[in-house]
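A structural walkthrough
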Amino acid sequence: MEQNRKMAWNQLGFLPGARKEVTVFEEGIQSGFEIRKQGSDEIVASFDLPEATPNADTGNICSRGDFSAFQERGSFYLQAGEQKSEPFTIGENVYDEVLSELIYMLHLQRCGCELTKEEAGDFAHPSCHDTPARIYGTDETMDATGGWHDAGDYGRYIVPAAKTVVDLLMAYEHYQEVMEKNNPKKGPALLDEVRYEIDWMLKMQRADGGVYHKVTCASFPDMDIMPEEEREELIVCPVSNASTACFAASLSLASVIYREKDAEYADRLLKAAESAYTYLSEHMDAPGFHNPEGIVTGEYGDENWIDDYFWAVTQLYQVTGKEMYHDAVKKIIGDERALSRGLGWEWCGSYGALAYLEAKETDAALREKMLQF
Ligand SMILES: [Zn+2]
(Lines give C-alpha, C1' and ligand atoms only; values in the text may rest on other atoms or scores of the structure.)
Protein backbone atom coordinates (compact mmCIF):
# COMPACT_ATOMS: atom_id res chain seq x y z
CA MET A 1 0.00 0.00 0.00
CA GLU A 2 3.09 2.27 0.20
CA GLN A 3 2.41 3.84 -3.19
CA ASN A 4 -1.08 4.99 -2.20
CA ARG A 5 0.13 7.29 0.55
CA LYS A 6 1.08 9.71 -2.19
CA MET A 7 -2.37 9.90 -3.79
CA ALA A 8 -5.87 10.45 -2.44
CA TRP A 9 -9.15 9.96 -4.29
CA ASN A 10 -12.72 8.95 -3.52
CA GLN A 11 -12.36 5.23 -2.92
CA LEU A 12 -16.12 4.67 -3.05
CA GLY A 13 -16.05 5.62 -6.72
CA PHE A 14 -17.73 8.37 -8.71
CA LEU A 15 -21.08 9.05 -10.34
CA PRO A 16 -20.44 9.55 -14.08
CA GLY A 17 -21.44 13.23 -14.13
CA ALA A 18 -19.93 14.12 -10.74
CA ARG A 19 -16.85 16.19 -9.99
CA LYS A 20 -13.83 13.88 -9.87
CA GLU A 21 -10.56 14.83 -8.30
CA VAL A 22 -7.32 13.24 -7.25
CA THR A 23 -4.84 14.80 -4.85
CA VAL A 24 -1.21 13.93 -5.49
CA PHE A 25 1.17 14.62 -2.61
CA GLU A 26 4.60 16.14 -2.75
CA GLU A 27 6.92 13.26 -3.69
CA GLY A 28 4.54 11.84 -6.23
CA ILE A 29 3.86 15.03 -8.16
CA GLN A 30 4.22 14.84 -11.93
CA SER A 31 3.12 17.14 -14.74
CA GLY A 32 0.09 14.95 -15.35
CA PHE A 33 -1.72 11.68 -14.64
CA GLU A 34 -3.45 8.96 -16.59
CA ILE A 35 -6.63 7.01 -16.21
CA ARG A 36 -6.10 3.34 -16.98
CA LYS A 37 -8.56 0.52 -17.41
CA GLN A 38 -8.45 -2.00 -14.58
CA GLY A 39 -7.45 -5.38 -16.06
CA SER A 40 -6.02 -4.33 -19.44
CA ASP A 41 -3.98 -1.33 -18.13
CA GLU A 42 -4.97 0.54 -21.28
CA ILE A 43 -4.62 4.35 -20.99
CA VAL A 44 -8.10 5.79 -21.62
CA ALA A 45 -7.49 9.45 -20.71
CA SER A 46 -4.72 11.80 -19.62
CA PHE A 47 -4.98 14.99 -17.60
CA ASP A 48 -2.58 17.72 -16.49
CA LEU A 49 -1.72 18.27 -12.86
CA PRO A 50 -1.64 21.94 -11.84
CA GLU A 51 1.35 23.35 -10.00
CA ALA A 52 1.68 22.05 -6.46
CA THR A 53 0.73 24.42 -3.64
CA PRO A 54 0.89 24.16 0.17
CA ASN A 55 -2.34 22.93 1.76
CA ALA A 56 -2.97 24.60 5.10
CA ASP A 57 -5.35 21.86 6.34
CA THR A 58 -2.95 18.94 5.91
CA GLY A 59 0.41 20.72 6.02
CA ASN A 60 1.29 18.97 2.73
CA ILE A 61 2.37 20.37 -0.57
CA CYS A 62 0.00 18.87 -3.09
CA SER A 63 -1.53 19.15 -6.51
CA ARG A 64 -5.19 18.51 -7.17
CA GLY A 65 -6.02 17.03 -10.56
CA ASP A 66 -9.51 17.31 -11.98
CA PHE A 67 -10.80 14.51 -14.21
CA SER A 68 -14.51 15.39 -14.12
CA ALA A 69 -14.58 15.41 -17.92
CA PHE A 70 -14.00 11.65 -17.92
CA GLN A 71 -17.44 10.05 -17.71
CA GLU A 72 -16.93 6.51 -19.02
CA ARG A 73 -18.49 3.78 -16.84
CA GLY A 74 -16.29 0.97 -15.61
CA SER A 75 -13.41 0.05 -13.35
CA PHE A 76 -10.25 2.17 -13.57
CA TYR A 77 -7.17 3.24 -11.69
CA LEU A 78 -5.08 6.42 -11.76
CA GLN A 79 -1.38 6.62 -12.43
CA ALA A 80 0.94 9.58 -11.89
CA GLY A 81 4.51 8.60 -12.74
CA GLU A 82 5.18 5.50 -10.64
CA GLN A 83 2.25 6.10 -8.28
CA LYS A 84 -0.91 4.06 -8.83
CA SER A 85 -4.28 4.31 -7.11
CA GLU A 86 -6.29 1.27 -6.12
CA PRO A 87 -9.03 0.49 -8.65
CA PHE A 88 -12.33 2.38 -8.38
CA THR A 89 -15.63 2.39 -10.24
CA ILE A 90 -17.41 5.06 -12.22
CA GLY A 91 -21.10 4.21 -12.44
CA GLU A 92 -24.64 5.08 -11.38
CA ASN A 93 -24.68 2.55 -8.53
CA VAL A 94 -21.48 3.43 -6.64
CA TYR A 95 -23.29 4.84 -3.60
CA ASP A 96 -26.06 2.23 -3.41
CA GLU A 97 -24.54 0.45 -0.42
CA VAL A 98 -23.30 3.48 1.52
CA LEU A 99 -26.36 4.13 3.64
CA SER A 100 -27.00 0.52 4.64
CA GLU A 101 -23.27 0.02 5.35
CA LEU A 102 -23.27 3.13 7.52
CA ILE A 103 -26.13 1.85 9.65
CA TYR A 104 -24.45 -1.56 9.90
CA MET A 105 -21.20 0.17 10.96
CA LEU A 106 -23.04 1.65 13.93
CA HIS A 107 -24.23 -1.84 14.85
CA LEU A 108 -20.58 -2.95 14.95
CA GLN A 109 -19.87 -0.10 17.40
CA ARG A 110 -22.28 -1.55 19.96
CA CYS A 111 -20.95 -1.67 23.50
CA GLY A 112 -22.16 -3.77 26.43
CA CYS A 113 -23.26 -6.77 24.38
CA GLU A 114 -21.76 -9.65 22.45
CA LEU A 115 -21.33 -9.30 18.69
CA THR A 116 -21.31 -12.79 17.17
CA LYS A 117 -18.97 -13.92 14.40
CA GLU A 118 -22.00 -14.50 12.23
CA GLU A 119 -23.26 -10.92 12.44
CA ALA A 120 -19.99 -9.03 12.92
CA GLY A 121 -17.24 -11.07 11.15
CA ASP A 122 -13.81 -9.68 12.07
CA PHE A 123 -15.44 -7.21 14.46
CA ALA A 124 -17.01 -9.94 16.62
CA HIS A 125 -16.31 -9.69 20.34
CA PRO A 126 -17.75 -10.93 23.64
CA SER A 127 -19.69 -8.51 25.80
CA CYS A 128 -17.60 -5.48 26.82
CA HIS A 129 -17.69 -2.58 29.31
CA ASP A 130 -20.52 -4.23 31.20
CA THR A 131 -19.37 -3.55 34.77
CA PRO A 132 -20.88 -0.75 36.91
CA ALA A 133 -19.24 2.65 36.32
CA ARG A 134 -18.07 4.89 39.16
CA ILE A 135 -19.40 8.43 39.23
CA TYR A 136 -16.41 10.77 39.18
CA GLY A 137 -15.46 12.17 42.57
CA THR A 138 -17.62 9.70 44.49
CA ASP A 139 -17.68 6.04 45.54
CA GLU A 140 -21.10 5.60 43.96
CA THR A 141 -21.51 3.38 40.94
CA MET A 142 -24.21 3.29 38.27
CA ASP A 143 -25.27 1.31 35.23
CA ALA A 144 -23.91 3.10 32.15
CA THR A 145 -23.89 0.08 29.83
CA GLY A 146 -24.90 0.14 26.19
CA GLY A 147 -24.62 2.68 23.38
CA TRP A 148 -22.05 2.81 20.60
CA HIS A 149 -18.29 3.09 21.07
CA ASP A 150 -17.06 6.46 19.87
CA ALA A 151 -15.14 6.93 16.61
CA GLY A 152 -11.64 5.89 17.62
CA ASP A 153 -11.85 4.61 21.17
CA TYR A 154 -14.29 2.78 23.43
CA GLY A 155 -15.57 5.84 25.27
CA ARG A 156 -19.19 6.84 25.02
CA TYR A 157 -19.88 10.56 24.87
CA ILE A 158 -23.29 12.25 24.99
CA VAL A 159 -22.52 15.28 22.81
CA PRO A 160 -21.49 13.43 19.62
CA ALA A 161 -24.06 10.72 20.41
CA ALA A 162 -26.84 13.32 20.27
CA LYS A 163 -25.58 14.69 16.98
CA THR A 164 -25.40 11.21 15.41
CA VAL A 165 -28.88 10.31 16.62
CA VAL A 166 -30.33 13.58 15.29
CA ASP A 167 -28.63 13.30 11.89
CA LEU A 168 -30.07 9.81 11.42
CA LEU A 169 -33.52 10.75 12.70
CA MET A 170 -33.68 13.90 10.56
CA ALA A 171 -32.74 11.84 7.52
CA TYR A 172 -35.47 9.36 8.47
CA GLU A 173 -38.00 12.16 9.02
CA HIS A 174 -37.41 13.72 5.63
CA TYR A 175 -36.52 10.67 3.52
CA GLN A 176 -38.32 7.83 5.28
CA GLU A 177 -38.79 5.75 2.15
CA VAL A 178 -35.11 5.99 1.14
CA MET A 179 -33.93 5.26 4.66
CA GLU A 180 -36.17 2.19 5.02
CA LYS A 181 -35.18 0.89 1.60
CA ASN A 182 -31.55 1.03 2.74
CA ASN A 183 -31.84 -0.82 6.01
CA PRO A 184 -28.76 -3.01 6.43
CA LYS A 185 -28.72 -6.55 5.08
CA LYS A 186 -27.20 -7.68 8.36
CA GLY A 187 -28.13 -6.29 11.76
CA PRO A 188 -31.19 -4.29 12.86
CA ALA A 189 -33.07 -1.68 10.87
CA LEU A 190 -32.25 2.00 11.36
CA LEU A 191 -34.74 2.89 14.10
CA ASP A 192 -33.89 -0.21 16.14
CA GLU A 193 -30.18 0.57 15.89
CA VAL A 194 -30.67 4.21 16.91
CA ARG A 195 -32.82 3.08 19.83
CA TYR A 196 -29.86 1.11 21.19
CA GLU A 197 -27.96 4.40 21.51
CA ILE A 198 -30.92 6.31 22.94
CA ASP A 199 -31.46 3.63 25.60
CA TRP A 200 -27.89 4.24 26.77
CA MET A 201 -28.40 8.03 26.71
CA LEU A 202 -31.39 7.62 29.01
CA LYS A 203 -29.17 5.83 31.55
CA MET A 204 -26.82 8.83 31.56
CA GLN A 205 -29.49 11.18 32.93
CA ARG A 206 -29.48 11.96 36.64
CA ALA A 207 -32.70 12.19 38.66
CA ASP A 208 -32.55 16.01 38.62
CA GLY A 209 -32.52 16.04 34.79
CA GLY A 210 -28.81 16.80 34.35
CA VAL A 211 -26.97 14.51 31.92
CA TYR A 212 -23.49 13.14 32.55
CA HIS A 213 -20.98 14.20 29.90
CA LYS A 214 -19.41 10.82 29.12
CA VAL A 215 -18.35 7.39 30.37
CA THR A 216 -14.79 6.23 29.67
CA CYS A 217 -11.77 4.83 31.47
CA ALA A 218 -9.33 7.44 32.81
CA SER A 219 -7.25 7.22 29.63
CA PHE A 220 -7.39 5.72 26.13
CA PRO A 221 -6.50 2.03 25.62
CA ASP A 222 -3.61 0.97 23.37
CA MET A 223 -4.42 0.61 19.67
CA ASP A 224 -4.39 -3.22 19.67
CA ILE A 225 -6.82 -3.68 22.57
CA MET A 226 -10.17 -5.30 21.74
CA PRO A 227 -13.27 -3.84 23.46
CA GLU A 228 -13.63 -6.71 25.97
CA GLU A 229 -9.93 -6.38 26.89
CA GLU A 230 -10.30 -2.83 28.18
CA ARG A 231 -10.86 -3.71 31.82
CA GLU A 232 -9.81 -0.53 33.64
CA GLU A 233 -12.34 1.18 35.87
CA LEU A 234 -15.18 2.89 34.02
CA ILE A 235 -15.76 6.48 35.16
CA VAL A 236 -18.86 8.57 34.57
CA CYS A 237 -17.79 12.22 34.13
CA PRO A 238 -19.73 15.12 35.64
CA VAL A 239 -22.96 16.57 34.25
CA SER A 240 -22.45 19.37 31.72
CA ASN A 241 -24.85 21.87 30.21
CA ALA A 242 -23.67 20.96 26.70
CA SER A 243 -24.53 17.29 27.14
CA THR A 244 -27.81 18.09 28.93
CA ALA A 245 -28.88 20.47 26.14
CA CYS A 246 -27.93 18.12 23.29
CA PHE A 247 -29.73 15.33 25.12
CA ALA A 248 -32.89 17.48 25.40
CA ALA A 249 -32.79 18.40 21.70
CA SER A 250 -32.16 14.88 20.41
CA LEU A 251 -34.62 13.07 22.66
CA SER A 252 -37.44 15.52 21.97
CA LEU A 253 -36.99 14.93 18.24
CA ALA A 254 -36.78 11.17 18.90
CA SER A 255 -40.11 11.32 20.76
CA VAL A 256 -41.77 12.38 17.50
CA ILE A 257 -40.10 9.74 15.36
CA TYR A 258 -40.81 6.80 17.73
CA ARG A 259 -44.38 7.83 18.64
CA GLU A 260 -46.06 5.85 15.89
CA LYS A 261 -44.18 2.64 16.77
CA ASP A 262 -44.20 2.94 20.55
CA ALA A 263 -46.19 5.75 22.20
CA GLU A 264 -45.08 4.79 25.70
CA TYR A 265 -41.43 5.02 24.73
CA ALA A 266 -42.09 8.37 23.01
CA ASP A 267 -43.65 9.71 26.23
CA ARG A 268 -40.61 8.58 28.18
CA LEU A 269 -38.25 10.32 25.76
CA LEU A 270 -40.15 13.59 25.89
CA LYS A 271 -40.34 13.49 29.65
CA ALA A 272 -36.57 12.97 29.83
CA ALA A 273 -36.00 15.84 27.38
CA GLU A 274 -38.23 18.21 29.38
CA SER A 275 -36.56 17.20 32.62
CA ALA A 276 -33.18 18.04 31.02
CA TYR A 277 -34.58 21.48 30.15
CA THR A 278 -35.69 22.01 33.75
CA TYR A 279 -32.15 21.28 34.89
CA LEU A 280 -30.69 23.72 32.35
CA SER A 281 -33.08 26.51 33.29
CA GLU A 282 -31.84 26.22 36.87
CA HIS A 283 -28.12 26.15 35.91
CA MET A 284 -27.77 28.93 33.36
CA ASP A 285 -24.55 30.18 34.96
CA ALA A 286 -22.66 26.88 34.69
CA PRO A 287 -19.25 26.94 32.94
CA GLY A 288 -18.39 24.85 29.86
CA PHE A 289 -17.17 21.27 30.29
CA HIS A 290 -13.51 20.45 30.79
CA ASN A 291 -11.99 17.07 31.61
CA PRO A 292 -11.80 16.77 35.40
CA GLU A 293 -8.42 16.01 36.95
CA GLY A 294 -7.10 12.56 36.11
CA ILE A 295 -9.31 12.05 33.03
CA VAL A 296 -7.56 12.37 29.67
CA THR A 297 -10.03 10.81 27.22
CA GLY A 298 -11.85 12.82 24.53
CA GLU A 299 -13.05 16.02 26.14
CA TYR A 300 -15.71 17.19 23.70
CA GLY A 301 -15.23 20.40 25.62
CA ASP A 302 -17.65 23.12 24.68
CA GLU A 303 -17.02 26.47 26.32
CA ASN A 304 -20.03 27.96 24.57
CA TRP A 305 -23.02 25.76 25.37
CA ILE A 306 -25.54 28.55 24.64
CA ASP A 307 -25.97 27.32 21.05
CA ASP A 308 -26.69 23.83 22.45
CA TYR A 309 -29.26 25.39 24.76
CA PHE A 310 -30.77 27.33 21.82
CA TRP A 311 -31.08 24.02 19.95
CA ALA A 312 -32.74 22.39 22.97
CA VAL A 313 -35.41 25.07 23.40
CA THR A 314 -36.20 25.42 19.68
CA GLN A 315 -36.55 21.65 19.33
CA LEU A 316 -38.69 21.40 22.45
CA TYR A 317 -40.85 24.26 21.16
CA GLN A 318 -41.24 22.58 17.76
CA VAL A 319 -42.27 19.29 19.37
CA THR A 320 -44.51 20.52 22.20
CA GLY A 321 -45.71 23.97 21.01
CA LYS A 322 -45.45 25.09 24.64
CA GLU A 323 -45.24 28.85 25.13
CA MET A 324 -42.57 28.47 27.83
CA TYR A 325 -40.14 27.10 25.25
CA HIS A 326 -41.09 29.84 22.77
CA ASP A 327 -40.33 32.41 25.47
CA ALA A 328 -37.00 30.72 26.10
CA VAL A 329 -36.19 30.90 22.36
CA LYS A 330 -37.08 34.62 22.24
CA LYS A 331 -34.93 35.30 25.26
CA ILE A 332 -31.83 33.38 24.20
CA ILE A 333 -31.82 34.68 20.61
CA GLY A 334 -30.63 38.01 22.03
CA ASP A 335 -27.40 36.29 23.08
CA GLU A 336 -25.22 36.12 20.00
CA ARG A 337 -23.53 32.94 21.28
CA ALA A 338 -26.82 31.17 20.44
CA LEU A 339 -26.27 31.87 16.77
CA SER A 340 -23.09 29.91 16.26
CA ARG A 341 -23.76 28.51 12.84
CA GLY A 342 -23.07 24.83 12.39
CA LEU A 343 -24.34 21.26 12.24
CA GLY A 344 -21.53 19.82 14.29
CA TRP A 345 -21.12 18.58 17.84
CA GLU A 346 -19.56 21.86 18.94
CA TRP A 347 -21.25 24.49 16.79
CA CYS A 348 -24.84 23.42 16.55
CA GLY A 349 -26.91 26.62 16.22
CA SER A 350 -28.10 25.67 12.72
CA TYR A 351 -29.95 22.64 14.14
CA GLY A 352 -31.83 25.10 16.34
CA ALA A 353 -32.71 27.39 13.43
CA LEU A 354 -33.98 24.42 11.40
CA ALA A 355 -36.07 23.20 14.36
CA TYR A 356 -37.65 26.62 14.81
CA LEU A 357 -38.47 27.00 11.10
CA GLU A 358 -40.37 23.71 11.27
CA ALA A 359 -42.48 24.73 14.28
CA LYS A 360 -46.23 25.05 13.71
CA GLU A 361 -46.44 28.65 14.86
CA THR A 362 -43.55 31.03 14.56
CA ASP A 363 -42.90 34.67 15.27
CA ALA A 364 -42.39 36.55 11.95
CA ALA A 365 -39.35 38.54 13.08
CA LEU A 366 -37.71 35.50 14.65
CA ARG A 367 -38.43 33.46 11.56
CA GLU A 368 -36.74 36.09 9.41
CA LYS A 369 -33.72 36.01 11.68
CA MET A 370 -33.49 32.21 11.49
CA LEU A 371 -33.79 32.27 7.71
CA GLN A 372 -30.78 34.58 7.48
CA PHE A 373 -28.90 32.53 9.99
ZN1 LIG B 1 -17.69 -1.62 25.00
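Structure first, text after, so check above.
My aim in this report is to walk through the structure given alongside it, one point at a time.

Rules of the game
- Residues numbered from 1 in each chain as written.
- Predicted model: local features only at pLDDT ≥ 70, side-chain atom pairs only at ≥ 80, totals over all residues.
- Heavy atoms only, no water.
- Helix = DSSP H or I, 4+ residues; strand = E, 2+ residues; numbered from the N terminus.
- Buried < 20%, exposed > 50% of the residue type's maximum accessible area, 1.4 Å probe, protein only.
- Contact = heavy atoms within 4.5 Å.
- Areas by Shrake-Rupley, 256 points an atom, 1.4 Å probe, with all protein chains shown as cover.
- Lys, Arg positive; Asp, Glu negative; His and termini not counted.
- Charge placed at Lys NZ, Arg CZ, Asp CG, Glu CD.
- 1 Å grid on protein atoms, 1.4 Å probe; cavity = no way out; pocket = protein on both sides within 12 Å on 5 of 7 lines; lining within 4 Å.
- Points joined across faces, edges and corners; volume = space filled by probe spheres on them.
- Nonpolar A, V, L, I, M, F, W, Y, C, P; charged D, E, K, R; others polar.
- Core = buried A, V, L, I, M, F, W, Y, C linked by side-chain atoms within 4.5 Å.
- Phe/Tyr/Trp six-rings, centres within 6.5 Å; stacked < 30°, edge-to-face > 60°.
- Lys NZ or Arg CZ within 6 Å of the ring centre and 35° of its normal.
- Axes fitted to C-alpha atoms, helices over the stretch in contact; angles between N-to-C directions.
- Parallel < 35°, antiparallel > 145°, perpendicular 65-115°, else oblique.
- Left-handed = near helix turned anticlockwise from the far one by under 90°.
- Pairing = 2+ DSSP bridges.

Bringing the overall build of the protein into the picture now. When you go through the protein residue by residue, the secondary structure sums to 11 helices and 14 strands. Counting all 373 residues of the protein, 49% fall into the buried class. Within the protein, counting contacts between residues at least 6 apart in sequence, those at least 24 apart form 66% of the total. About 18,400 Å² of surface is accessible on the protein, with carbon and sulfur atoms providing 49% of the total. Across the protein, 34 positive and 66 negative side-chain charges occur, with their mean positions spaced 4 Å apart.

Taken as a whole, the largest pocket spans an internal volume of roughly 410 Å³. Gln109, Ala151, Gly152, Tyr154 and Pro227 are the residues nearest the centre of the largest pocket, which is lined by 19 residues in total. Grouping the amino acids of the lining of the largest pocket by side-chain chemistry returns 11 nonpolar, 4 polar and 4 charged. When its volume is computed, the second largest pocket comes out at roughly 270 Å³. In terms of lining, the second largest pocket is formed by 15 residues, of which the most central are Leu106, His149, Asp150, Ala151 and Thr164. Elements with a minimum of two residues in the lining of the second largest pocket: α1 (98-108), β12 (156-157) and α3 (158-174).

Moving on: the nonpolar core. In this structure, Ile198, Met204 and Tyr258 are the most contacted members of the largest nonpolar core, which totals 77 residues. The dominant element in this core, judged by the number of residues it contributes, is helix α6 (residues 241-259), at 11 residues. Once you skip the residues sitting within four places of it in the chain, Ile198 turns out to touch Val165, Leu251, Ala254, Tyr258, Tyr265 and Leu269. In this structure, Met7, Trp9, Val22 and Ala80 belong to the second largest nonpolar core, which totals 17 residues.

To continue, consider the packing of aromatic side chains. By convention here, two paired aromatic rings are described through the distance between centres and the angle between planes. Within the structure shown, the criterion is met by 14 aromatic pairs. Plain terms: the ring middles of Phe70 and Phe76 are 5.1 Å apart, the flat faces sit at 90° to each other, and that makes the pair edge-to-face. Among the residues examined, Phe76 registers a relative accessible area of 1% and is labelled buried. Site record: aromatic cluster; members linked through ring pairs are Phe14, Phe33, Phe47, Phe67 and Phe88. The lysine or arginine in question, Arg110, covers the ring of Tyr196, its NZ or CZ lying 4.0 Å from the ring centre. The ring of Tyr265 is capped by Arg195, whose NZ or CZ atom sits 3.5 Å from the centre of that ring.

With that settled, the discussion passes to the packing of α3 against helix α5 (residues 190-203). Running from amino to carboxyl end, α3 crosses α5 at an angle of 150°, the nearest separation of the two axes being 11 Å. Classified by the interaxial angle, the pair formed by α3 and α5 is roughly antiparallel. In this structure, α3 crosses over α5, and the sense of that crossing is left-handed. Taking contact as the criterion, the partners of Ile158, Ala161, Ala162, Val165, Leu168, Leu169 and Tyr172 in α3 are, on α5, Leu190, Leu191, Val194, Glu197, Ile198, Trp200 and Met201. Per-class residue counts for the contact of α3 with α5 are 13 nonpolar, no polar and 1 charged.

Within the secondary structure, Phe14 sits in the loop between β1 (7-9) and β2 (21-25). Sequence-wise, Phe14 and Gly334 are 320 residues apart; in three dimensions their C-alpha atoms are separated by 45 Å. Setting aside its immediate chain neighbours within four residues, Phe14 contacts Arg19, Lys20, Glu21, Phe67, Phe88, Thr89, Ile90, Gly91, Val94 and Tyr95.

Moving on: the sheet that holds strand β14 (residues 235-236). In spatial order, the strands read β11-β10-β14-β13-β12; together these 5 strands make up an open sheet with mixed pairing. The sheet is open, and its two borders are formed by β11 (141-142) and β12, each paired with just one other strand. Of the pairings in the sheet, the one linking strand β10 (residues 133-135) to β11 comprises 2 bridges and is antiparallel in character. Along β11, the bridge assignment pairs Arg134 with Thr141.

Okay, the pairing of strand β3 (residues 32-37) next. Where β3 lies against strand β4 (residues 43-48), 5 bridges are found, and the strand directions are antiparallel. Counterpart to Ile35 in the pairing with β4 is Ala45. Counted along the chain from β3 to the antiparallel partner β4, the turn is 5 residues long, and its residue Gly39 has a positive phi close to 105°. In this sheet, strand β7 (residues 74-80) lies alongside β3 in antiparallel orientation, the contact comprising 4 bridges. Across the sheet, the residue bridging to Arg36 is Tyr77, located in β7.

Read these as geometric descriptors, not functional statements.
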